[in-house]
Amino acid sequence: MFEFIKKNIDDITYPVEDEDPKLPIFDNLQMNISYLKSEFGDSFDILYKEIKVGNADICFVMADGMCENLLVVEQVVKPIISEKRLPLRKEKLLDFISKNVVAGIDQQRAETLQDAIANVLSGLVVLFVDGVNYSECFGVQGFPKRSIDDAVAEVEEIGSHEAFTESFKDNITLLRRRIRSPVLKCEIVECGKTSKTRICVCYMSDRAKPETVNDIKTKIKNAKLDTVLGSGYLRPFLDSKRFSFFSALGTTERPDVACAEMAEGRVLIITDGTPFAIIAPYLFSENFQTMDDYNYRPFYATLIRTLKFVSFFIGIFLPGIYIAICTFHQEVIPVSMLYDMAIQESITPFPVMLETVFIHFIYEIVREAGLRMPKSIGQTVGIVGAIVIGEAAVSAGLVAAPLLIVVGLSAITSFVVPHLYQPIAFLRFAFMVIGGIFGFYGIVVGASVLLVNMCAANPYGVPLLSPIAPFSLGAMRDNFFRMSWKKLGKRELKIDKMEK
Amino acid sequence: MNTKSKISTWQLLSVLLVLRLLSTITFMPILDVAVGNSDYIIAMAIGGFSTFIFFIPTFLLLKNGKGLFEISDKVSKKLTKIIAILYALFFLIFIFSALVRMNLFVSAIVFPQKSTALFMVISIAATCYAASHGLEALGRTGTISLFLFIGSFIVILLSLIERVDINHLSPVFFYGISPVSIVIWSVIIRTVEPAALLVLLPKVSGKTLKSFALWIVSFTVITTLIFFFLMTTLGDASLLQLFPIHSMAVLSRFSVFERMDALLMGMWIFSAFVKVSFLMFLVADIISSNFKKVSLNGAIVFLGIINSLAVLIESNSLSSFKVTTSLTVRSSIFLAFVVIIPMILFLIDKFYSGAKE
């Protein structure tokens, strides 16, 4: 059986192998061009411009659309052609050009053909000179990109509205604007055998643990991936080794949140092409914190946080507990309420568990449809789902009205903590089934297993549940409660102090 | 013993306090003696504080800072293996006892009309999963469960305040002092949790001596308080119930909630889960540390199977339950594993230290 499955998987997939050895650049221009052409094939967007400068043949190679054409001409090609002091010796030509002719600051030398190709594909103009066994690459990138826009997934009332974009250089700029200190380090690591995606590891060198930074960089380097098209590709490699329902990594699209996390000693992982940064390590309680909490007055922020914790529990457990009570433990409901509920339930044809799972299933379909549709149609889908299907189902006697309240409440509460929507949705279904089969007893055992699972998570040496377990009184100042900035500002919290 | 993963004294004692409090809330008036209800409150207080005397060997070993197996290793590896087997069996008895009591609770209170075999097997599988996560995870779970336990009990006790009536209490020592002394003794011999502290001592970091004294005071105060509420709300009727604390929770009422026993039931199951998981880990750790061929997870799976079979076989009879609650059996176990063996090992350690000097 397993052999059959393995064979089937082998048939449709291929193993991602380690990178091929790098080939040094030839000192023959035509050989270099032939190699590049054989690698790029018939790609129309790779441009080759061969010219003669002095007594040397040179060739510019660039990817059309990745470079700013005007800059290429003004900053690279024109100065080289019009330069009158070019040395006669071919070997010195390229060195002279890079040092004395081209004005741009972003320059790098490639000594292998693979590096040259990577630079071409990154939007640099690569210059080959006949008789020279290296190439110079000039940064004149200029590709179409989205401008910095409002945050969509983490909307704030009072805080900044800026969000990350797909361009990771813009993202770094957003960080640098907020932390104007040399301790903010941004290191590039490449990942993806084919995509060669640039991953930027950002941290504050005086706060982040060097072991954590190195661990993250090693994990990214060792990730066996062919293409990396989003930060989600890296998550399994960076997350806890042992399965946990709640991730030990956070995500944010907000540069202010990212800076606040780095200020506590965390590491930020920005993937080129993704407007969300990964935060590592991430505590469970941070899912309940937003930037607005720190802009609100402390008592209101504390109230909001308490509501979020309550919502989280309602989102996961309410439907399961409702099923358990209706099926096994009717004695806990007040008699008057029990009578009404019994009447409502008696007219529906299905058992409570089936009814609840069914309605939740429909809700998830409506939510998914609304999410993937264009915005205007998405709202219509939501209205049709909520009012038409819900109302009609109750009128037709397919579901009981109290159940609809339970489903509605658990659905809304799960959006209060948007970072945890995925585990909440899954666990809600799990506890519905458990509550229907094993009642309250099963729910408690299930919750215990969940708690142990959370307690066991120890990513990068920091327990997921800290500062709750292990308990740290000092860190509670910004957990369930949010103290005033007069108190918070006196001492900065450091993530590595929460170990054990 | 593998001492790589350490937990703080506070975490371990939290787990042990949960274990002790679970024994309190699963209290069953099965002693064959006539005792007035107020005598139970006195017995809880005196019994709790009397443990200070019986835990002298524990205090001495804690002061020394050496675990049982560390000391026995000085004599011979064989002795360590023998003591390891004895303590593994000792804790295994308490796993079985906890499971039998849990089974009784589920079959009598939670699902009176259903077979509980499936529930028990699933629960044991869940505890095996928890045990496989190791001491650190269990320690953290224990800390949270202690908070939840105390919080839940405060809610239950506060909702019972209007039902408290001092007139429910019987005259003190109405049946004489002798029956009360038996209850005191039963309180003492049921406090076996410190044996776990002695076994796990190399894995514990922090001040153990003061914390342990605080642990004794805490469990005595909490237990006495719970019994005070039990006896003043239910009176003599409490001694006629199968699970008196549960009956007390049934009486509690808060706002629209007619009864708060669901809260107690939740805490009961949660604490039992922590207890069985912790003891399961303890036994597996003792076996895997002293018998290198056995892996920790392998031992946990093996224990899970053994316990599942034992519970399934014994679920329809109360013979094992009777054995595990027998005063003679309990007294012997307590004296052997909590008093005599630790005392002997302490003396051995002293002797070896003296010889070295």
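Numbering of residues starts from 1 in each chain and follows the order in which that chain's sequence is written. By the order in which they are written, chains take letters starting at A while ligands take numbers starting at 1. Totals for whole chains, interfaces and linings use all residues, but because this is a predicted model, local features are given only for residues with pLDDT of at least 70 and pairs of side-chain atoms are given and counted only at 80 or more. Water and hydrogen atoms were dropped before computing side-chain values, which therefore reflect all heavy atoms in the structure.

Draft legend 1. Quick peek at the overall build of chain A. Along chain A, the regular secondary structure elements total 16 helices and ten strands. C-alpha atoms of chain A, sized along the principal axes, occupy 100 × 55 × 45 Å. Throughout this description, buried means an accessible area under 20% of the type-specific maximum (1.4 Å probe, protein chains only), exposed means over 50%, and partly exposed covers the range between. In chain A, which comprises 500 residues, the proportion classed as buried is 47%. When the 52 positive and 58 negative side-chain charges of chain A are each reduced to one mean point, those points stand 7 Å apart. The helix count covers DSSP runs of H or I at least four residues long, the strand count covers runs of E at least two residues long, and both are numbered beginning at the N terminus. In this charge count, Lys and Arg are treated as positive and Asp and Glu as negative; neither His nor the chain ends contribute. The atom standing in for a charge is NZ when the residue is Lys, CZ when it is Arg, CG when it is Asp and CD when it is Glu.

Draft legend 2. Summary view of the interface of chain A and chain B. Listed by partner, the interface residues are 31 residues for chain A and 32 residues for chain B. Here chain A packs against chain B, burying approximately 2,800 Å² in sum over the two surfaces, 72% of which is carbon and sulfur. Buried area is understood as the total, over both parts, of accessible area removed when two parts are fitted together, assessed with a 1.4 Å probe. Together, F438, Y441 and V452 of chain A form the three largest contributors to the area buried by chain A at its contact with chain B, with a combined 24%. Any Lys or Arg side-chain nitrogen located within 4 Å of an Asp or Glu carboxyl oxygen qualifies as a salt bridge. Applying the counting criterion to the chain A and chain B interface returns zero salt bridges. Polar contact is the term for a pair of N or O atoms within 3.5 Å; when the atoms are in protein, one must be able to donate a hydrogen and the other to accept it, and sequence-neighboring residues count only if both atoms are side-chain atoms. Scanning the region where chain A abuts chain B turns up four residue pairs in polar contact (both at pLDDT 80 or more). It is helix α15 (residues 421-456) of chain A that contributes the most residues to the side of chain A that touches chain B, 14 residues altogether. Taken together, the residues of the side of chain A that touches chain B sort by class into 23 nonpolar, five polar and three charged. Residue contacts are defined here by distance: any two heavy atoms, one from each residue, within 4.5 Å place the two residues in contact. For this scheme, ten residues count as nonpolar: Ala, Val, Leu, Ile, Met, Phe, Trp, Tyr, Cys and Pro. Four count as charged, namely Asp, Glu, Lys and Arg, and the remainder, Gly too, count as polar.

Draft legend 3. Structural view of the nonpolar core. By nonpolar core we mean a set of buried residues, namely Ala, Val, Leu, Ile, Met, Phe, Trp, Tyr and Cys, connected to one another through side-chain atoms within 4.5 Å. Residues F246 and Y441 of chain A together with Y87, F90, F91 and F278 of chain B are the most contacted members of the largest nonpolar core, which totals 148 residues. In terms of residue count, helix α12 (residues 261-290) of chain B provides more of this core than any other element does, 18 residues in total. Apart from residues no more than four positions distant in its own chain, Y87 of chain B is found in contact with L68, A195, V199, I286, F337, I341 and P342 of chain B. One finds C67, V72, F96 and Y134 of chain A within the second-largest nonpolar core, a separate group that totals 25 residues.

Draft legend 4. Molecular detail of the domain arrangement of chain A. Under the domain assignment used here, chain A contains domain 1 (29-139), domain 2 (168-282) and domain 3 (296-456). The start and end points of each domain follow an automatic or database-based domain assignment. Relative placement of domain 1 of chain A and domain 2 of chain A: their C-alpha centres are 32 Å apart.

Draft legend 5. Fine view of unusual backbone geometry. Residue and element names in this part refer to chain A. The linkage connecting S466 with the following residue, P467, adopts the cis geometry, with an omega of 10°. Along the chain, P467 falls in the loop between α15 and α16 (485-488). Note that the residue after A469, namely P470, is joined by a cis bond; omega there is 0°. Of note, P470 is situated in the loop between α15 and α16.

Draft legend 6. Quick peek at the pairing of strand β2 (residues 56-63) of chain A. Residue and element names in this part refer to chain A. For β2, the tally of buried residues reaches seven of eight residues, placing the bulk of the element in the interior. In the sheet, strand β1 (residues 46-53) pairs with β2 via eight bridges, with the strands oriented antiparallel. Residue pairing for β2: Y48 is matched across the bridge by V61. Counted along the chain from β1 to the antiparallel partner β2, the turn is two residues long, and its residue G54 has a positive phi close to 60°. In terms of strand pairing, β2 meets strand β4 (residues 124-129) through four bridges, oriented antiparallel. Looking across to β4, one finds that V61 is bridged to V126. Strand pairing requires that DSSP identify at least two bridges connecting the strands.

Draft legend 7. Representation of the side chain of T223 of chain B in the model. Locating T223 of chain B in the fold gives a position in helix α10 (residues 208-234). In this structure T223 of chain B touches L21, T24 and M44 of chain B, once residues within four positions along its chain are discounted.

Draft legend 8. Just the pattern of salt bridges, in detail. All names here are of chain A. Scanning the entire structure with this criterion turns up 31 salt bridges over all chains. Linking E187 and K217 is a salt bridge whose minimum nitrogen-to-oxygen distance equals 2.2 Å. Residue E187 is found in strand β6 (residues 184-191), and its partner K217 is found in helix α7 (residues 210-222); the two are separated by 30 residues along the sequence. Put simply, E264 and R266 hold a salt bridge, and the shortest N to O gap is 2.5 Å. You'll find E264 and R266 in the same group, each marked buried. Through salt bridges with shared partners, a single ionic network connects E364, R367, E368, R372 and R428.

Draft legend 9. Here's a closer look at the pairing of β4 of chain A. Residues and elements named next belong to chain A. Among the six residues in β4, six count as buried, and that is most of the element. Pairing geometry for β4 and strand β5 (residues 135-139), over five bridges, is antiparallel. Counted as the bridge partner of L124 is G139 from β5. Once β4 ends, the chain turns through five residues before running back antiparallel as β5, passing G131 with a positive phi of about 90°.

Draft legend 10. Summary view of the sheet that holds strand β7 (residues 197-204) of chain A. Residues and elements named next belong to chain A. Read across the sheet, five strands follow the order β6-β7-β9-β10-β8 without closing on themselves; strand pairing throughout is antiparallel. What marks the edges here is a single partner per strand, and that holds for β6 and β8 (250-252). Across the sheet, the mean angle from the axis of one strand to that of its neighbour is 25°, orientation sign disregarded. As defined by bridge partners, β8 adjoins strand β10 (residues 277-280) across three bridges and the pair is classed as antiparallel. Considered in β10, the bridge of T252 is made with A277. Fitted lines through C-alpha atoms give the axes, limited to the stretch in contact for helices. The angle between two N-to-C directions lies from 0 to 180 degrees. Along the sheet face, helix α9 (residues 255-263) touches β6, β7, β8, β9 (267-271) and β10 and points at about 55° away from the line of β7.

Draft legend 11. Examining a nonpolar patch on the surface more closely. For patch detection, residues must exceed 30% relative accessible area and be free of salt bridges, and they are connected within 9 Å for like charges or within 5 Å for nonpolar side chains (Val, Leu, Ile, Met, Phe, Trp, Tyr). Shrake-Rupley sampling with a 1.4 Å probe provides the accessible areas, and residues are treated as covered by the protein chains on show and by no other component. Among the surface-exposed residues, I383, V384, I387, V388 and I389 of chain A lie close enough to one another that they form a single nonpolar patch of about 420 Å² accessible area. Mapped onto the elements of the fold, V384 of chain A is located in helix α13 (residues 375-395).

Draft legend 12. Focus on helix α12 (residues 352-372) of chain A. Residues and elements named next belong to chain A. In this model α12 runs 30 Å from its N-terminal to its C-terminal C-alpha over 21 residues, within 8% of the 30 Å that 1.5 Å per residue would give. Among all positions of α12, only V352, E355, T356, I359, H360, Y363, E364 and V366 are buried. What you see down the axis of α12 is that its buried residues fit within an arc of 165°, all on one side. Opposite the packed face of α12, turned more than 90 degrees from it, sit the exposed residues F361 and R372. Residues of α12 that are buried in the fold lie against α10 (298-327), α11 (335-346), α13, α14 (401-416) and α15. Given a helix with a known number of residues, its expected span is that number minus one, times 1.5 Å. Arc definition: directions from the helix axis to the C-beta atoms.

Draft legend 13. Structural detail: the sheet that holds β4 of chain A. Residues and elements named next belong to chain A. Sheet architecture is open: five strands sit in the order β1-β2-β4-β5-β3, paired in antiparallel fashion. Every other strand in the sheet has two partners, leaving β1 and β3 (107-110) as the edge strands with one partner each. The mean angle between the axes of side-by-side strands here comes to 25°, regardless of whether they run parallel or antiparallel.

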